Amino acid sequence: MADKANVPVKETGQQNLEDTVTYNKVGNIVPVDPNGNPIPNVPAVPYTNDPTDPTKVVPNEPVPSVPGMTPSVPTVTPTHPTVDTPVVYTTPTPVTPETPVTPQPDEPATPETPATPEPVQPATPQAPATPQAETPAPVKTESAAPAKQKAKKLPQTGNENNSAAALGLAALGLTGLLAAGKKRRKED
């Protein structure tokens, strides 16, 4: 990290100009336990220098991942770029499931005996009414012969005179004659 973002402009002449820029080491994100002790085997991660301003560090830097532990904050924005920032990590306490209670069976109740219903006398059936016959509507019948004739007839395709096909065939024949004539000239 630099102590100056820009070197000020000075009037020049035939003299040597000199200006000193001092770079300091940036701080680190340090993973610590709830007691403030650094977590063993977890390295501290240095802040990232701001590429557009050498006097600052990048804000909202993500904290390092520690397996089996949870950080107190997801990102860090250092207020002092050269001072380390401790981040507290905690180990989640495992939730122990409660022992299920075995339900005690209730005493079965004695079933009640159903009351026997008195038989009901069936009603005397009435004589059925005489149905009136309906006259069926006449069915139209078509002769089967025309349907068979229509089924036997195949569609007629390709009967139209196609002048484009005839013209193409004539052009192909003319090309063949010209090629044969050219070959005959070469043989002579």
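Every chain's residues receive numbers from 1 upward, in the order its sequence appears when written. A pLDDT threshold of at least 70 governs which residues receive local features in this predicted model, and a stricter bar of 80 or more applies before side-chain atom pairs are shown or counted, although totals over entire chains, interfaces and linings include all residues. To obtain the side-chain values, all non-hydrogen atoms of the structure were used and water was disregarded.

Caption draft 1: Structural view of the overall build of the protein chain. A count of helical and extended segments in the protein chain gives two helices and six strands. Only DSSP runs of H or I with at least four residues qualify as helices, and only runs of E with at least two residues qualify as strands; both kinds are numbered from the N terminus onward. Helices and strands appear in the protein chain in the N-to-C order β-β-β-β-β-β-α-α. Considering the protein chain as a whole, with its 188 residues, one finds that 12% of them fall into the buried category. The contact criterion used throughout is that any non-hydrogen atoms of two residues lie within 4.5 Å. Considering only contacts within the protein chain whose residues lie at least 6 apart along the sequence, 42% involve residues at least 24 apart. In these tables, accessible area is a Shrake-Rupley quantity obtained with a 1.4 Å probe, and a residue counts as shielded only by the protein chains included in the view. Only carbon and sulfur atoms are counted for the fraction: they give 57% of the accessible area of the protein chain, which is about 17,500 Å². Working definition: with a 1.4 Å probe on protein chains only, accessible area under 20% of the residue-type maximum means buried, over 50% means exposed, and in between means partly exposed.

Caption draft 2: Inspection of the pattern of salt bridges at higher detail. The rule for a salt bridge is simple: a side-chain nitrogen of Lys or Arg has to be within 4 Å of a carboxyl oxygen of Asp or Glu. The full count for this structure, using the stated rule, is one salt bridge. Lysine 56 is the salt-bridge partner of aspartate 53, the closest N and O atoms lying 3.9 Å from each other. For aspartate 53, a relative accessible area of 16% gives the class buried. Judged by its relative accessible area of 46%, lysine 56 falls in the partly exposed class.

Caption draft 3: Representation of the nonpolar core in the model. For the purposes of this section, nonpolar cores are sets of buried Ala, Val, Leu, Ile, Met, Phe, Trp, Tyr and Cys residues that join through side-chain atoms within 4.5 Å. Residues Met1, Val26, Ile29, Ile39, Tyr47, Val57, Val63, Val66, Val76, Val87 and Tyr89 constitute the largest nonpolar core, which totals eleven residues. Those residues within four positions of valine 87 in sequence are excluded, and the remaining contacts are Ile29, Val30, Pro31, Val32, Val63, Pro71, Ser72, Val73 and Val76.

Caption draft 4: Representation of the side chain of aspartate 50 within the structure. In this structure, aspartate 50 sits in the loop between β2 (45-46) and β3 (61-62). We treat Lys and Arg as the positive residues and Asp and Glu as the negative residues; His and chain ends play no part in the count. Lysine 56 provides the closest opposite charge to the buried, unpaired aspartate 50, separated from it by 6.0 Å. Residues adjacent in sequence count toward polar contacts only when both atoms are side-chain atoms; beyond that, a polar contact is any pair of N or O atoms within 3.5 Å, and within protein one must be able to donate a hydrogen and the other to accept it. In this structure the side chain of aspartate 50 is engaged in a polar contact, spanning 2.9 Å, whose partner is the side chain of threonine 52.

Caption draft 5: Region of the structure containing the sheet that holds β2. If DSSP finds at least two bridges between two strands, the strands pair. The four strands lie next to each other as β2-β1-β6-β4, forming an open sheet whose pairing is mixed. The sheet terminates laterally at β2 and β4 (70-71), the two strands that pair on one side only.

Caption draft 6: Summary view of the confidence of the model for the protein chain. When pLDDT is averaged along the protein chain, the result is 79; 78% of the residues meet or exceed 70. How sure the predictor is of each residue is captured by pLDDT, a score from 0 to 100. Of all the helices and strands in the protein chain, helix α1 (residues 144-152) carries the lowest mean pLDDT, 57, while strand β1 (residues 28-32) carries the highest, 93.

Caption draft 7: Seen up close, the environment of methionine 1. Within the fold, methionine 1 resides in the segment before β1. The sequence separation of methionine 1 and threonine 22 amounts to 21 residues, and the corresponding C-alpha distance is 8.2 Å. Every residue in contact with methionine 1, bar those within four places of it in the chain, is listed here: Thr22, Tyr23, Asn24, Val26, Asn49, Pro54, Thr55, Lys56, Pro81 and Thr82.

Caption draft 8: View of the environment of threonine 82. The residue threonine 82 is located in the loop between β5 (75-76) and β6 (85-90) in this model. You can call threonine 82 partly exposed: its relative accessible area is 39%. Along the sequence, threonine 82 and tyrosine 47 sit 35 residues apart, while their C-alpha atoms lie 8.9 Å from each other. If we ignore the near neighbours within four places in the chain, the residues touching threonine 82 are Met1, Asn24, Lys25, Val26 and Gly27.

Caption draft 9: Spotlight on the side chain of aspartate 53. In this structure, aspartate 53 sits in the loop between β2 and β3. At a separation of 2.7 Å, a polar atom in the side chain of aspartate 53 contacts the side chain of threonine 55.

Caption draft 10: Region of interest: unusual backbone geometry. Phi is positive for asparagine 41, close to 65 degrees, though the residue is something other than glycine. Inspection of the secondary structure assignment puts asparagine 41 in the loop between β1 and β2. Even without glycine at this site, asparagine 60 takes up a positive phi of about 55 degrees. Mapping asparagine 60 onto the fold places it in the loop between β2 and β3.

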